[in-house]
Amino acid sequence: MTEPLDTFPKCLQHFAHTMPDRIALQEKRHGIWQSMTWSEYAGQTRRFAQGLAALGLKRGEVLAILGDNRPESFIAEVAAQSLGGISLCLYPDGVVEEVAQILEHGRVRFVVAEDQEQVDKLTELYDAGRLQTVEKVIYFDPRGLEMLDLPYLVNFTDVEKLGDEYEVGHPGWLDKQVNKGHGFDVAILCTTSGTTGLPKLAMLTYDNLLSMGRRLMEVDPVQPRDEYVSFLPLAWIGEQMISLACGLQVGFALSFPEDAATLRADLREIGPRVMFSPPRIWQSLLSSVQVKLEDAGWLKRKVYAWGYSVGDRVASLRLKGEDPGVVLRVLHRLAELVALRPVRDQLGLLRLRRAYTGGAPLGPDVFRFFRAIGVNLKQIYGQTEICGIAVLHRDDGINFNSVGRPLPGTDIRIADSGEILLRSDAVFTGYFANEEATAQALAEGWLHTGDAGYIDDNEHLVVIDRAKDVMRTKDGTHFSPAFIENKLKFSPYVEEAVVFGGQDRPYVTTMISIDMDTVGTWAERQHLTYTTYTDLAQKPEVYDLVAEHVATINEDLPDSTRVRKFVLLHKQLDADDAELTRTRKVRRTAIGERYAAIISALADHEKKSVTIRTTITYQDGSRADRDISLRIFSLNGTPVADRGRNDPVSQSSR
């Protein structure tokens, strides 16, 4: 074997030799787990790599991967890297225009697409003359594509057959290509979140990725027999971080759920020991518990409430480094048996040893819930430009308001402006074909994150928000809109929230999009009829429901930062409409432009409603413009004319 193991292909070859028969990948198909050993993984990667070589992929060129996480996705990625190529993963739910922009910017010649849905996007671009650089589209799920005869379409298995033929004529050639690889080579182009505009392509080397993986596992060791369920898009640096940068150093198996609908059941079957997900996943899990509790009988609700209170008390004491005491420990064991363990089991988290959240702030209330039920959830902080992680909570140092301490080998500094600066071996080499942005991000030897924060008394990093997003009220109080938004999203009825404030506004306001599933279930229990999302969101009863939650979170906020008025949007905020990033971060600039009329009305003392014009697209493709009136709900303490009754939640909007 070639040493050192400084690239992903070399790591794969190593495990193919040292534990050839151990499971490396497993995927659920038609309800049955299909496994692939390390030897088989390396063999298929070898065949596909040589097939790519036969098609003409050369060292330094980019292979794009478009689809859900499947064994073929990982095989394609490492195969391209075996040739000295670079992988570029795209979000599978990306719309056609996003796909075109990234492929054009990355100068991609070959694309591996999962199925007909993804191929259709590329075919549309081909027909429009948008894919000038792409020569071949390789698909691995042929359903619906059998009769499609296009010169640029190639079946994944046909590429593997080309690889077999290529090896006959070029024995030993691929091994030489793998050996030519070095740690300083660019391994992947990873899309940034794109909160301020189009996503950039960060160039990450093997040294960057493997260094980050080693540092993470110094803090939290991972074992070869640990299980990991790979279900988040490979386009997200968090998935690359665990499944490749850590997985190919330790050799643990990756499992792929059958589809999104079976994820919870598949998690329960696998029982992962390690899990890393963005806040939206943890919020979704919490919402599912809250909804089930509302449907449960009174006895189950009482037992759960008691068990949760015990779990919360124990978790709080342990976070402070205090001993719960004999009596509380005994009660906690009983709570584990009757309440906490069953909840973790239903969520598929029963065997979980460590769980991470990152990519965006996680609300303290959500964080507290998982710690209380016994999930060792820890916050991490990082960016694509530093391989996803630079700062991490330790098991003995959890703080709901911080993101922990830097990883070994990571330096952190707070600039005079309050911006967080980072430096480590994991910092990227720059943005692909964007020298100006690279110079701004890597000024003076430090990665400029664009985030505002500070170091607290325990030497933990506290991230406030994006530096440009931190707001100040009329009385000069600084606040983070993301903090308030996360508290709002603790409610199972709130899917997204966008907070507005600042010195030019009289008070803090918010736009809220409801969660259709949970609010719909609630409406059914209340015998409340509705037709569409818009109809449901504008029901007075739904406004009352959300207002109760807003009033509750206001109690925990300083008076000047409390939410005084809100609107329930007529639609869900959507990444397809450029309102959210693919990792569900708010694009504030785009929202500020698109919803300017609503934002302005919220800041008007006299306004009780706002009328907006929206375009409806029907199933047949036809469109129609429609005027929609949205209520503006005012809470007590807001200087609005004709305020309603003097209870905690005013209904002057009615």
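### Here we look at the overall build of the protein chain
Stage number 1. Across its full length, the protein chain holds 21 helices and 29 strands.
Stage number 2. Here the C-alpha atoms of the protein chain give a radius of gyration of 26 Å, agreeing with the 26 Å that 2.2 N^0.38 yields for 654 residues.
Stage number 3. Dimensions of the protein chain, computed from the C-alpha atoms along their principal axes, are close to 85 × 65 × 55 Å.
Stage number 4. Split into buried and exposed, the 654 residues of the protein chain put 57% on the buried side.
Stage number 5. Summed over its atoms, the accessible surface of the protein chain is roughly 27800 Å², and 49% of this surface lies on carbon and sulfur atoms.
Stage number 6. For the protein chain, the separation between the mean place of its 75 positive charges and that of its 91 negative charges on side chains is 5 Å.

### Considerations on the packing of aromatic side chains
Stage number 1. Summed over all chains, the structure comprises 20 aromatic pairs.
Stage number 2. Grouped by ring-pair contacts, the aromatic residues Trp282, Tyr304, Tyr308, Phe369 and Phe370 constitute a single cluster.
Stage number 3. Just above the ring of Tyr431 sits the side chain of Lys200; from NZ or CZ to the centre is 5.2 Å.
Stage number 4. Over the ring of Trp446 we find Arg413, and its NZ or CZ is 4.8 Å from the ring centre.

### With respect to the side chain of Asp220
Stage number 1. Within the secondary structure, Asp220 is located in the loop between helix H8 (206-219) and strand S10 (227-229).
Stage number 2. Only 2.6 Å separates the side chain of Asp220 from the side chain of Tyr356, close enough to count as a polar contact.

### Let's talk about the nonpolar core
Stage number 1. The biggest cluster of nonpolar side chains holds 123 residues, and the ones touching the most others in it are Tyr41, Phe48, Trp282 and Phe370.
Stage number 2. With 8 residues, helix H9 (residues 237-250) is the largest single contributor of residues to this core.
Stage number 3. If near-sequence neighbours (up to four positions away) are discounted, Phe370 is found in contact with Trp282, Leu285, Leu286, Leu347, Leu349, Val375 and Leu377.
Stage number 4. The next biggest cluster of nonpolar side chains, apart from the first, holds 52 residues, and it includes Met471, Val519, Ala601 and Leu602.

### A few points about a negative patch on the surface
Stage number 1. Taken together, the side chains of Asp68, Glu117, Asp120, Glu124, Asp127 and Asp259 define an acidic patch exposed on the protein surface.
Stage number 2. The topology assignment puts Asp127 in helix H5 (residues 116-127).
Stage number 3. A relative accessible area of 66% places Asp127 in the exposed class.

### Some remarks on the sheet that holds strand S25 (residues 508-514)
Stage number 1. On the basis of which strands lie adjacent, the open sheet formed by 4 strands has the order S24-S25-S26-S29 and mixed pairing. Each end of this open sheet is capped by a strand with a single partner; those strands are strand S24 (494-500) and strand S29 (633-634).
Stage number 2. As paired strands, S24 and S25 are joined by 6 bridges and run antiparallel to one another. Looking at the pairing, Phe500 lines up with Thr509 of S25.
Stage number 3. Along the sheet, helix H16 (residues 481-488) contacts S24, S25 and strand S26 (563-568); its crossing angle with S24, the most-contacted strand, is approximately 150°.

### Let's talk about the sheet that holds strand S18 (residues 419-423)
Picture the strands of a sheet paired through backbone hydrogen bonds; they go either parallel or antiparallel.
Stage number 1. Spatially, 4 strands are ordered S17-S18-S20-S21 in an open sheet, and the strand pairing comes out antiparallel. Each of the sheet's edge strands pairs with one partner strand only, and the pair in question is strand S17 (411-414) and strand S21 (461-466). Between one strand axis and the next, the sheet turns through 45° on average, direction left out of account.
Stage number 2. The pairing of S17 with S18 spans 4 bridges and is antiparallel. What sits directly across from Arg413, in S18, is Leu421.

### Notes on unusual backbone geometry
Stage number 1. Its identity is not glycine, yet His30 carries a phi of approximately 55°, on the positive side.
Stage number 2. Assignment of secondary structure puts His30 in the loop between strand S1 (23-29) and strand S2 (32-37).
Stage number 3. The residue Glu444 is not glycine, and still its phi comes out positive at about 60°.
Stage number 4. Take Glu444: it is sitting in the loop between helix H15 (435-441) and strand S20 (447-455).
Stage number 5. Given the relative accessible area of 69%, Glu444 is considered exposed.

### Topic: helix H19 (residues 540-554)
An α-helical turn contains 3.6 residues, so a residue and the one three or four places further along point in the same direction.
Stage number 1. The terminal C-alpha atoms of H19, which comprises 15 residues, lie 21 Å apart, in line with the 21 Å expected from a rise of 1.5 Å per residue.
Stage number 2. Where burial is concerned, most of H19 is hidden: 11 out of the 15 residues are buried.
Stage number 3. Taken as a whole, H19 has its buried residues at Val542, Tyr543, Asp544, Leu545, Val546, Ala547, His549, Val550, Ala551, Ile553 and Asn554.

### Focus on the packing of helix H2 (residues 38-55) against helix H6 (residues 156-169)
Each pair of packed helices gets described by two things: the angle between the helix axes and the distance between those axes.
Stage number 1. Contact geometry of H2 with H6 gives a least axis separation of 6 Å together with a crossing angle of 85°. Here H6 runs roughly perpendicular to H2, going by the angle between their axes. Residues Gln44, Arg46, Arg47, Phe48, Gln50, Gly51, Leu52, Ala53, Ala54 and Leu55 of H2 form the contact with H6, whose own contacting residues are Phe156, Val159, Glu160, Lys161, Leu162, Gly163, Asp164, Tyr166 and Glu167.
Stage number 2. Grouping the amino acids of the contact of H2 with H6 by side-chain chemistry returns 9 nonpolar, 4 polar and 6 charged.

### Examining H5
Stage number 1. Its 12 residues give H5 an end-to-end C-alpha distance of 16 Å, which sits within 8% of 16 Å, the value for a rise of 1.5 Å per residue.
Stage number 2. Regarding H5, the residues found buried are Gln118, Val119, Lys121, Leu122, Thr123, Leu125 and Tyr126.
Stage number 3. Along its buried surface, H5 packs onto strand S3 (62-66), helix H4 (96-105), strand S5 (110-113), strand S6 (136-139) and strand S7 (153-155).
Stage number 4. Just downstream of H5 lies Gly129, where phi reads positive at about 70°.

### Some remarks on the packing of H8 against H9
Stage number 1. Following both chains from N to C, one finds H8 and H9 inclined at 80°, their axes separated by 9 Å at the closest point. Of the possible angle classes, the one that applies to H8 and H9 is roughly perpendicular. Facing Leu209, Leu210, Met212, Gly213, Arg214, Leu216 and Met217 of H8, the residues of H9 in contact are Ile237, Met241, Ile242, Ala245, Cys246, Gln249 and Val250.
Stage number 2. Classifying every residue of the contact of H8 with H9 gives 11 nonpolar, 2 polar and 1 charged.

### Quick word on the side chain of Arg394
Stage number 1. In this fold, Arg394 is placed in the loop between strand S15 (391-392) and strand S16 (405-406).
Stage number 2. The buried charged residue Arg394 lacks any salt bridge partner; its closest oppositely charged side chain belongs to Asp396, at an N-O distance of 6.6 Å.
Stage number 3. At a separation of 3.0 Å, a polar atom in the side chain of Arg394 contacts the main-chain carbonyl oxygen of Leu392.
Stage number 4. Apart from the residues within four sequence positions on either side, Arg394 is in contact with Val219, Lys378, Arg405, Pro406, Leu407 and Pro408.

### Re the pattern of salt bridges
Stage number 1. Scanning the entire structure with this criterion turns up 48 salt bridges.
Stage number 2. For Arg353, the salt bridge goes to Asp226, with nearest N and O atoms at 2.5 Å. Of this pair, Arg353 sits in the loop between helix H13 (326-347) and strand S13 (354-357) while Asp226 sits in the loop between H8 and S10, and the two are 127 residues apart along the sequence.
Stage number 3. With a shortest N-O distance of 3.4 Å, Lys487 and Asp365 are connected by a salt bridge. On the criterion of sequence distance, the pair formed by Lys487 in helix H16 and Asp365 in helix H14 (residues 364-372) is long-range, its members being 122 residues apart.
Stage number 4. For Lys487, a relative accessible area of 6% puts it in the buried group.
Stage number 5. Members of the salt-bridge network, linked through shared partners, are Glu27, Arg29, Arg70, Glu72 and Glu114.

Rules and cut-offs
Residues numbered from 1 in each chain as written. Predicted model: local features only at pLDDT ≥ 70, side-chain atom pairs only at ≥ 80, totals over all residues. Heavy atoms only, no water. Helix = DSSP H or I, 4+ residues; strand = E, 2+ residues; numbered from the N terminus. Rg over C-alpha atoms; globule rule 2.2 N^0.38 Å. Buried < 20%, exposed > 50% of the residue type's maximum accessible area, 1.4 Å probe, protein only. Areas by Shrake-Rupley, 256 points an atom, 1.4 Å probe, with all protein chains shown as cover. Lys, Arg positive; Asp, Glu negative; His and termini not counted. Charge placed at Lys NZ, Arg CZ, Asp CG, Glu CD. Phe/Tyr/Trp six-rings, centres within 6.5 Å; stacked < 30°, edge-to-face > 60°. Lys NZ or Arg CZ within 6 Å of the ring centre and 35° of its normal. Polar contact = N/O pair within 3.5 Å; in protein donor to acceptor, adjacent residues only side chain to side chain. Core = buried A, V, L, I, M, F, W, Y, C linked by side-chain atoms within 4.5 Å. Contact = heavy atoms within 4.5 Å. Patch = residues over 30% accessible without salt bridge, like charges linked within 9 Å, V, L, I, M, F, W, Y side chains within 5 Å. Salt bridge = Lys/Arg side-chain N within 4 Å of Asp/Glu carboxyl O. Pairing = 2+ DSSP bridges. Axes fitted to C-alpha atoms, helices over the stretch in contact; angles between N-to-C directions. Expected span 1.5 Å × (residues − 1). Parallel < 35°, antiparallel > 145°, perpendicular 65-115°, else oblique. Nonpolar A, V, L, I, M, F, W, Y, C, P; charged D, E, K, R; others polar.

Everything listed here is a matter of coordinates, which is why it stays silent on function.
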